[in-house]
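Observations on the three-dimensional arrangement
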Amino acid sequence: MKLYIVGAGPGASDLITVRGRRLLEEADVILYADSLVSEEHFKAAKKGAEIVKTAGMHLEEMVEIMKKRLSEGKKVVRLHTGDPAVYGAIMEQMVLLKEAGVEIEIVPGVSSVFAAAASAQAELTIPDLTQTVILTRAEGRTPVPEREQLAKLAAHHCTMAFFLSATLTKKVMKELIGAGWAPETPAAVIYKATWPDEKIVRTTIGKLDEDMRANSIRKQAMILAGWALDPDIHEKNFRSKLYDKEFTHGYRRGVNS
Ligand code: SAH
């Protein structure tokens, strides 16, 4: 018995991997979690495939259905938004399924953090500016460990990507500014990246809450923040070593070396 956990990608149904699409085509049963998985994906499913919405179910209920269908010899795919490894709550499912002798295969997907960066035409790691991206969330009803409080993470002044934080923007602003971020630090909010109703709001840390409210964005948004999001970055002429003509690396010899 084997369950396939598949990353659906951020929204647009052609942003699933080829492997993920093939599994959707072969599946007898597809379970999917929430409004962030487009129903377009199910056009790829075979005729008569059972499509199960799990948003209203608790963990054990969902796992029971998977186990039952697997024991009937069916091919079962659990489709997760973005990439299953970030905020996918897959571990708790895997623990119960493995206990029941179910093997698991995970197929990665395009996370919304990368879809959002693509939509904003951003590079999150700009040479000489920042070489690190922190993927995190603001603390709301779900607790975040003390050592990962935003103010502490923000001390690195690198690029930060906030999942699940669209209603917590006041907190994001307070913690980042408290950690020494200038209010004019650029931020880009990408609402429903790659969906037909995608919206991009370019703002600053100081105006994040105000601008998100003005655009009525209170869910399904990725907040990218840091100077890599500077809309004028193109004029600042940051260059990577990779394409620097004087820099030698494994694939190319620099002109002066
Ligand atoms: N595993 C997913 C994240 C699930 S948590 C991934 O890799 O993307 C859900 C959060 O992801 C949302 O609150 C939002 O912050 C972000 N998100 C998911 N899809 C999105 C999209 N299409 N556009 C913007 N943000 C998205």
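Before any of the text, the structure's been laid out above.
Reference entry: report on the structure contained in this document. (Residues numbered from 1 in each chain as written. Predicted model: local features only at pLDDT ≥ 70, side-chain atom pairs only at ≥ 80, totals over all residues. Heavy atoms only, no water.)

This next bit is on the environment of E61. Along the chain, E61 falls in helix α2 (residues 59-71). According to the relative accessible area criterion, E61 is partly exposed, its value standing at 36%. The spacing of E61 and P145 is 84 residues in sequence and 29 Å in space, taken between C-alpha atoms. (Helix = DSSP H or I, 4+ residues; strand = E, 2+ residues; numbered from the N terminus. Buried < 20%, exposed > 50% of the residue type's maximum accessible area, 1.4 Å probe, protein only.)

What follows is about the sheet that holds strand β9 (residues 199-204). Taken in spatial order, the 5 strands of this open sheet run β6-β7-β10-β8-β9, and their pairing is mixed. Both outer strands of the open sheet, β6 (133-137) and β9, are each paired with one neighbouring strand and no more. Ignoring strand direction, the axes of neighbouring strands in this sheet form an average angle of 20°. Each of β6, β7 (159-163), β8 (186-191), β9 and β10 (221-225) is contacted by helix α4 (residues 112-119), which is oriented at about 70° to β10, the strand it contacts most. (Pairing = 2+ DSSP bridges. Axes fitted to C-alpha atoms, helices over the stretch in contact; angles between N-to-C directions. Contact = heavy atoms within 4.5 Å.)

Before going further, it helps to spend a moment on a nonpolar patch on the surface. Among the surface-exposed residues, L15, V110 and F114 lie close enough to one another that they form a single nonpolar patch of about 240 Å² accessible area. As for its position among the elements, V110 is in the loop between β5 (103-107) and α4. By relative accessible area, which is 31% here, V110 ends up partly exposed. (Patch = residues over 30% accessible without salt bridge, like charges linked within 9 Å, V, L, I, M, F, W, Y side chains within 5 Å. Areas by Shrake-Rupley, 256 points an atom, 1.4 Å probe, with all protein chains shown as cover. Salt bridge = Lys/Arg side-chain N within 4 Å of Asp/Glu carboxyl O.)

Moving on, we come to the packing of aromatic side chains. Evaluated as defined, the whole model comprises 2 aromatic pairs. Here the aromatic rings of Y32 and F42 are separated by 4.7 Å at their centres, their planes lie at 55°, and the arrangement is tilted. Of this pair, Y32 sits in strand β2 (residues 29-32) while F42 sits in the loop between β2 and β3 (50-53); the two residues are 10 residues apart in sequence, bridging distant segments of the chain. Measuring from ring centre to ring centre gives 5.1 Å for Y87 and F163, while their planes differ by 50°; the resulting arrangement is tilted. Placement of Y87 in the loop between β4 (76-80) and α3 (90-99) and of F163 in strand β7 is noted, with a sequence separation of 76 residues between them. Judged by relative accessible area, F163 falls into the buried class, the value being 8%. (Phe/Tyr/Trp six-rings, centres within 6.5 Å; stacked < 30°, edge-to-face > 60°.)

Moving on, we get to the site of the ligand. The ligand sits among 18 residues. The nearest are D83, V86, S112, A193 and A221. The separation between a nitrogen atom of the ligand and a polar main-chain atom of A193 is 2.8 Å. One of the backbone N or O atoms of M222 is found 3.4 Å from a nitrogen atom in the ligand. Contact with the protein chains hides 95% of the accessible area of the ligand, taken as 540 Å² for the molecule alone. Two domains share the shell around the ligand, each providing at least three of its residues, namely domain 1 (2-110) and domain 2 (113-235). (Near = heavy atom within 4 Å. Polar contact = N/O pair within 3.5 Å; in protein donor to acceptor, adjacent residues only side chain to side chain. Domains from an automatic or database assignment.)

Once that is clear, we can look at the nonpolar core. Counting 25 residues, the largest nonpolar core has L150, M160, F162, L176, V189, L208 and M212 as its most contacted members. Setting aside its immediate chain neighbours within four residues, L176 contacts L150, A154, M160, F162, W181 and I205. (Core = buried A, V, L, I, M, F, W, Y, C linked by side-chain atoms within 4.5 Å.)

Geometrically, a packed helix pair is captured by the angle between its two axes and the distance between the axes. In the contact formed by α2 and α3, the axes pass within 10 Å of each other and the chain directions differ by 50°. The angle between α2 and α3 places the two elements in the oblique class. Between α2 and α3 the crossing geometry is right-handed. On the side of α2, the interface is formed by L59, E60, M62, V63, M66 and K67, while α3 contributes E92, Q93, L96 and L97. Classifying every residue of the contact of α2 with α3 gives 6 nonpolar, 1 polar and 3 charged. (Parallel < 35°, antiparallel > 145°, perpendicular 65-115°, else oblique. Left-handed = near helix turned anticlockwise from the far one by under 90°. Nonpolar A, V, L, I, M, F, W, Y, C, P; charged D, E, K, R; others polar.)

This next bit is on helix α6 (residues 169-178). Looking only at α6, the buried set comprises T169, V172, M173, E175 and L176. Those residues of α6 hidden inside the fold are in contact with α5 (150-154), β7, α7 (208-214) and β10. Note on α6: the residue one or two positions beyond its end, G180, has a positive phi of about 100°.

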